[in-house]
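In case you want the letters, here they are:
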Amino acid sequence: MTIEYEWRGDIDNAALDALHADGFGHPVTRTDWRERLERHSLGWVCAREDGLLIGFVNVIWDGGAHAFVLDTVVARHRRRSGVGGALVAAAAHEARAAKCEWLHVDFEEHLSSFYVDVCGFERTAAGLIALQRGGPGSAG
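Residues numbered from 1 in each chain as written. Predicted model: local features only at pLDDT ≥ 70, side-chain atom pairs only at ≥ 80, totals over all residues. Heavy atoms only, no water.

Visitor: Break down the sheet that holds strand β3 (residues 52–61) for me, citing the residues and quoting the values.
Guide: Judged by pairing direction, the sheet is mixed, and its 5 strands sit side by side in the order β1-β2-β3-β4-β5 without closing on themselves. Looking at strand neighbours, the two that pair on one side only are β1 (3–7) and β5 (102–104), the edges of this open sheet. Here the strands of the sheet are splayed against their neighbours by 20° on average, with no regard to which way each runs. Of the strands in this sheet, β2 (41–49), β3 and β4 (66–74) are in contact with helix α2 (residues 33–40), which crosses β2 at around 135°. This element, helix α3 (residues 83–97), spans β1, β2, β3, β4 and β5 of the sheet and lies at about 145° to β2. (Pairing = 2+ DSSP bridges. Helix = DSSP H or I, 4+ residues; strand = E, 2+ residues; numbered from the N terminus. Axes fitted to C-alpha atoms, helices over the stretch in contact; angles between N-to-C directions. Contact = heavy atoms within 4.5 Å.)

Structure below.
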């Protein structure tokens, strides 16, 4: 079976909702992915097998030198088969073609072997404020 990767591929909201829910372990929502991606993204990569969406990664940016990988997700039945690495490689290629100088990602520790070893990201120091949990600068 051939897997096809497409930059800024057509998005079916229901299919991406289902993939996202499967990959991140939450209920299916009714997110308007198409509107969100068009509004905030440099682009995205879709992986399809026999026409079915089996992988996705979003690339947002600052309009200049920095691009950011979000929502890397692969269908459970295709994990550990190279799909995720190919998605991120395509995202990096397209961000480079858009003249971005840096591609950022943040991840939980259990995903470090994927992002560092498979995808080639370097570890960096970074910071994070949980805005919905009363962190610094919040009213809570």
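Visitor: Explain the packing of aromatic side chains residue by residue, including any values.
Guide: What the rule picks out here adds up to 4 aromatic pairs. Measuring from ring centre to ring centre gives 4.7 Å for F114 and Y115, while their planes differ by 70°; the resulting arrangement is edge-to-face. Y115 gets classed as buried once you look at its relative accessible area, which sits at 7%. Here the aromatic rings of Y115 and F121 are separated by 6.0 Å at their centres, their planes lie at 70°, and the arrangement is edge-to-face. Like F121, Y115 is buried. An aromatic cluster is defined as three or more aromatic residues linked by ring pairs; in this entry it consists of F107, F114, Y115 and F121. Across from the ring centre of W33, 5.0 Å away, lies the NZ or CZ of R36, which sits over that ring. (Phe/Tyr/Trp six-rings, centres within 6.5 Å; stacked < 30°, edge-to-face > 60°. Buried < 20%, exposed > 50% of the residue type's maximum accessible area, 1.4 Å probe, protein only. Lys NZ or Arg CZ within 6 Å of the ring centre and 35° of its normal.)

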